[in-house]
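# Observations on the three-dimensional arrangement
Letter by letter, the chains look like this.
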Amino acid sequence: MDSKFVLKFFLPISIMLLLSGSADAQGLKVGFYKKTCPNAETIVYNEMKRVISVAPSLAGPLLRLFFHDCFVRGCDASILLNSTKNNVAEKESPINLSLRGYGVIDTIKAKLEKACPGIVSCADITALVARDAVYLSKGPSWEVPTGRRDGRASLIAETRQLPAPIFTFQQLKASFAQKGLSVKDLVVLSGGHTLGTSQCSFFSPRLYNFTGKGDADPSLDSEYVIKLKNKCKPTDTTKLAEMDPGSFLSFDTDYYKIVSKRRGLFSTDSALLQDAETRSYVQRQVKASNPREFFKDFGVSMVNMGNTGVLIGKQGEIRKNCAVVN
Ligand code: HEM
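Cut-off values and rules
Residues numbered from 1 in each chain as written. Predicted model: local features only at pLDDT ≥ 70, side-chain atom pairs only at ≥ 80, totals over all residues. Heavy atoms only, no water. Helix = DSSP H or I, 4+ residues; strand = E, 2+ residues; numbered from the N terminus. Rg over C-alpha atoms; globule rule 2.2 N^0.38 Å. Buried < 20%, exposed > 50% of the residue type's maximum accessible area, 1.4 Å probe, protein only. Areas by Shrake-Rupley, 256 points an atom, 1.4 Å probe, with all protein chains shown as cover. Lys, Arg positive; Asp, Glu negative; His and termini not counted. Charge placed at Lys NZ, Arg CZ, Asp CG, Glu CD. Near = heavy atom within 4 Å. Polar contact = N/O pair within 3.5 Å; in protein donor to acceptor, adjacent residues only side chain to side chain. Domains from an automatic or database assignment. Donors = N, O, S within 2.8 Å, 3.2 Å for Na, K, Ca; no water. Axes fitted to C-alpha atoms, helices over the stretch in contact; angles between N-to-C directions. Parallel < 35°, antiparallel > 145°, perpendicular 65-115°, else oblique. Left-handed = near helix turned anticlockwise from the far one by under 90°. Contact = heavy atoms within 4.5 Å. Nonpolar A, V, L, I, M, F, W, Y, C, P; charged D, E, K, R; others polar. Disulfide = S-S within 2.5 Å. Salt bridge = Lys/Arg side-chain N within 4 Å of Asp/Glu carboxyl O. UniProt positions renumbered as here; feature names shortened; annotations may be inferred.

Looking only at helices and strands, the chain features 13 helices and 4 strands. Against the compact-globule benchmark of 20 Å for 326 residues, the chain has a radius of gyration of 21 Å, which places it among compact chains. Burial status across the chain gives 48% buried among its 326 residues. With an accessible surface of roughly 15,900 Å², the chain has 58% of that area assigned to carbon and sulfur atoms. Each charge class in the chain was averaged separately, 43 positive and 31 negative side chains, and the resulting centres sit 1 Å apart.

Now the structure itself:
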């Protein structure tokens, strides 16, 4: 065949096929374990189904675990590593002390090691668990590109990269942009706060001493402040408040209703009303007759977040035990 002909016709087509395949820019792909561990995703799902049926309140923490993994050193399961003699790990940072669900990941990892030793990374398990946690809480499902490898480091100091609940909109936007995530990802992923609870300590300053004069945050609904004060006394720290009261176990669009009523627990929730793009997203979900747009967007933004700083190919390792490096 004439080489010019090959260049003109076959090269563009093969490039197009490559681009339209399931591999994405980060080198992850849907069905990465299809040949090496065909039941991997079923094993994760079956265990998650069992866990959520007996402990539905673990769905929130397991979703949050993935976010906290991805925002520090990328989605490399660094959040799962224990501290060692010479190093204090991410887990021990104040912002991570309330994370739960490590045991679920360990159980799933043990089952996967039995089925296909040394194949499925802890980073991928964390991503699949987050997806299944949402789905099993009546939320959407989506295809999770896999092929992440596990990192070998976890440093407490790096948890500074996680956005704080007192961030302004500009700080939030910058924090997401640093991870390659857009303002749309920010407003969509914040919708994860439809699940789970928060310790009083994370929002109490908004109730009791916002500007140092014993006042409440004016961006919070004043009637809601009274309710929250009943729930959280100034000395309560680890007491829990539902973020989406009444339906904190089900994944739905309620978060946006709460934000629009100025009842989001964190300054970062209220901040979504300050920017035109995020405000219009919030308002659209409040008016929507069904969760279709949010559900579709959530899957897309979770895949985006799941691409953050991933290790692939020969980078990192496949840990045998998610809490320690090999
Ligand atoms: C936008 C910046 C964000 C901030 C400042 C933030 C902050 C927080 C804080 C302070 C808590 C309470 C933690 C506790 O008391 O244990 C929390 C809980 C939670 N967050 Fe976020 N978050 C953010 C984004 C996200 C994202 C992107 C997700 C996932 C898509 C997420 C999912 C959750 C979930 C599910 C909980 C409930 C955890 C539980 O029930 O234990 N958050 N968040």
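What follows concerns the site of the ligand. Contacts to the ligand come from 26 residues, most closely from Ser98, His193, Gly196, Thr197 and Gln199. Separating a nitrogen atom of the ligand from a side-chain N or O atom of histidine 193 is a distance of 2.9 Å. Within the backbone of glutamine 199, a nitrogen or oxygen atom sits 2.7 Å from an oxygen atom of the ligand. By residue number, the principal contributor to the shell around the ligand is helix α3 (residues 59-70), which donates 5 residues. Mapped onto the domain boundaries, the shell around the ligand takes at least three residues apiece from domain 1 (29-161) and domain 2 (169-304).

What follows covers the coordination of the iron atom of the ligand. Coordination of the iron atom of the ligand by the protein involves just one donor, His193 (NE2), at a distance of 2.1 Å. As for its placement among the helices and strands, histidine 193 is situated in the loop between α7 (183-190) and β3 (197-199).

A few words now on the packing of α7 against helix α13 (residues 292-306). Here α7 crosses α13 at 115°, and the two axes come no closer than 9 Å. The orientation of α7 relative to α13 falls into the category roughly perpendicular. Like other packed secondary-structure pairs, α7 and α13 cross with a definite hand, here left-handed. Of α13, the residues touching α7 (which contributes Lys184, Asp185, Val188 and Leu189) are Phe294, Asp297, Phe298, Ser301, Met302, Asn304 and Met305. Along the lines of polarity and charge, the residues of the contact of α7 with α13 split into 6 nonpolar, 2 polar and 3 charged.

Attention shifts here to the state of the cysteines. Defined simply, a disulfide is a covalent bond joining two cysteines at their sulfur atoms. Scanning all chains against the criterion turns up 4 disulfides. A sulfur-sulfur separation of 2.2 Å characterises the disulfide bridge that pairs cysteine 70 with cysteine 75. An S-S torsion of about 115° defines the bridge between cysteine 70 and cysteine 75 as right-handed. In this structure cysteine 70 comes out as buried when scored by relative accessible area, which is 0%. We classify cysteine 75 as buried; its relative accessible area is 0%. A disulfide bridge connects cysteine 200 with cysteine 232, and the sulfur atoms are separated by 2.1 Å. Residues cysteine 200 and cysteine 232 are joined by a disulfide whose S-S torsion is about -75°; by sign, that bridge is left-handed.

Time to look at the pattern of salt bridges. According to the stated counting rule, one finds 14 salt bridges in the structure shown. Between glutamate 41 and arginine 131 there is a salt bridge, with its nearest N and O atoms 2.9 Å apart. Here glutamate 41 is found in helix α2 (residues 40-54), whereas its partner arginine 131 is found in helix α5 (residues 122-135), with 90 residues between them in sequence. Residue glutamate 158 is joined to arginine 73 by a salt bridge in which the shortest nitrogen-to-oxygen separation is 2.7 Å. Taken together, the residues glutamate 158 in the loop between β2 (145-146) and α6 (169-178) and arginine 73 in the loop between α3 and α4 (102-115) connect sequence positions 85 residues apart. Residue class for arginine 73 comes out partly exposed when judged on its relative accessible area of 36%. Within this structure, Glu41, Arg131 and Asp132 form a network of salt bridges that share partners.

Let's shift gears to the UniProt feature "binding site: Ca(2+) 2" (unreviewed entry) in the chain. UniProt feature "binding site: Ca(2+) 2" (unreviewed entry): in the numbering of this structure it lies at Thr194, Asp244 and Asp252. Spanning 59 residues, the named residues nonetheless gather at one spot, since no C-alpha pair among them exceeds 9.6 Å. Position of threonine 194 among the secondary structure elements: in the loop between α7 and β3. Threonine 194 sits in the buried class, given a relative accessible area of 0%. Discounting chain neighbours no more than four positions away, the residues touching threonine 194 are Asp244, Ser247, Phe248, Ser250, Phe251, Asp252 and Tyr255. Looking at where aspartate 244 falls in the secondary structure, it is placed in the loop between β4 (240-242) and α10 (254-260). The contact partners of aspartate 244, leaving out residues within four places of it in the chain, are His193, Thr194, Gly196, Ser250, Asp252, Asp254 and Ile258.

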